[in-house]
Amino acid sequence: VNSVYPPTAMNDTELESALCGPYSYCTVPQDDWVQYTWLTSDKEDYIEHTIYGLWIDTSHPGDPCPSAWDDGTRALAGAEIQWWSFELESWVTAAVIEDQTDDWTYEFDPPIVTAAIRLFEVYSLNASPMIYEWEVYECMTK
């Protein structure tokens, strides 16, 4: 786990700023994965949710705050969107996203019911992809 740019930075409501203000991000090694898992507060059991879609706030060309570490080529260009099936006891690939150069969304059709979702085999066009925020849209089912 990257302690300087940790996965928790993907879920802290700090979006990439058009005013070059403070924001956080997570870097993920090429071909690695990041995951959300919903657990009870005691971390003893899973909480299933109905997931409708997701949104990725990532690096992009023309970023108003370019720097040596983010020249717009570190966008999360692709990944396999996978969700955990308790019925199958395995990961199910919902989609393979490729060649993205900016923020992107994905909608599940039909919505899925799961307690874990991940972006598997992530990649960018340059170095480790940058994820400023990863939002998942859901409604709780249990």
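Calculation notes
- Residues numbered from 1 in each chain as written.
- Predicted model: local features only at pLDDT ≥ 70, side-chain atom pairs only at ≥ 80, totals over all residues.
- Heavy atoms only, no water.
- Helix = DSSP H or I, 4+ residues; strand = E, 2+ residues; numbered from the N terminus.
- Buried < 20%, exposed > 50% of the residue type's maximum accessible area, 1.4 Å probe, protein only.
- Contact = heavy atoms within 4.5 Å.
- Areas by Shrake-Rupley, 256 points an atom, 1.4 Å probe, with all protein chains shown as cover.
- Patch = residues over 30% accessible without salt bridge, like charges linked within 9 Å, V, L, I, M, F, W, Y side chains within 5 Å.
- Salt bridge = Lys/Arg side-chain N within 4 Å of Asp/Glu carboxyl O.
- Pairing = 2+ DSSP bridges.
- Phe/Tyr/Trp six-rings, centres within 6.5 Å; stacked < 30°, edge-to-face > 60°.
- Lys NZ or Arg CZ within 6 Å of the ring centre and 35° of its normal.
- Core = buried A, V, L, I, M, F, W, Y, C linked by side-chain atoms within 4.5 Å.

Student: Honestly, the overall build of the chain in this entry has me stumped. Any pointers?
Tutor: Looking only at helices and strands, one finds zero helices and eight strands in the chain. Reading the chain from its N terminus to its C terminus gives the helix and strand order β-β-β-β-β-β-β-β. For the chain, the residues scored as buried account for 42% of the 142 residues in total. Put simply, of all contacts in the chain between residues at least 6 apart along the chain, 75% involve residues at least 24 apart. On the chain, roughly 7,800 Å² of surface is accessible, and the fraction owed to carbon and sulfur atoms is 52%.

Student: When you look at a nonpolar patch on the surface in this model, what are you seeing that I'm missing?
Tutor: Together, Leu39, Tyr46 and Phe86 line one region of the surface with nonpolar side chains, adding up to about 260 Å² of accessible area. With respect to the secondary-structure elements, Leu39 resides in the loop between β2 (33–37) and β3 (49–58).

Student: I tried to follow the pairing of strand β5 (residues 90–97) on my own but got confused; where do I start?
Tutor: Within a regular strand, the side chains alternate between the two sheet faces. Bridge count for strand β4 (residues 78–85) against β5 is seven bridges, and the pairing is antiparallel. Pairing of Ala79 across the sheet is with Ile97, part of β5.

Student: Is there a simple way to think about the environment of Ile117 in this case?
Tutor: Counting through the fold element by element, Ile117 comes out in strand β7 (residues 116–123). For Ile117, a relative accessible area of 0% gives the class buried. Considering only alpha carbons, one finds Ile117 and Trp83, 34 residues apart in sequence, at a separation of 4.3 Å.

Student: I'm lost on the packing of aromatic side chains in this one. Help?
Tutor: Aromatic ring pairs are defined here through the distance separating the ring centres and the angle between the ring planes. Taken as a whole and assessed by the stated rule, the structure comprises five aromatic pairs. With a centroid separation of 6.2 Å and an interplanar angle of 45°, the aromatic rings of Tyr36 and Trp38 are classed as tilted. The same class applies to Tyr36 as to Trp38, namely buried. Taken together through their ring pairs, the aromatic side chains of Tyr36, Trp38 and Trp134 make up a single cluster. Taking NZ or CZ as reference, Arg118 lies 5.5 Å from the ring centre of Trp33, over its face. The residue whose ring lies beneath Arg118 is Trp91, and the NZ or CZ to ring-centre distance is 4.2 Å.

Student: Teacher, can you tell me more about the nonpolar core here?
Tutor: The tendency in soluble globular proteins is for nonpolar side chains to be buried side by side. Ranked by size, the top nonpolar core spans 23 residues in total, and within it Leu54, Ile81, Phe108, Ile117, Leu119 and Trp134 carry the most contacts. Elements with a contribution of two residues or more to this core: β2, β3, β4, β5, β6 (104–114), β7 and β8 (130–140). Considering each element in turn, this core owes the most residues, four residues, to β6. If we skip the residues at most four places from it in the chain, Ile81 touches Leu54, Val92, Thr93, Ala94, Ala95, Ile97, Trp104, Tyr106, Phe108, Ile117, Arg118 and Leu119.

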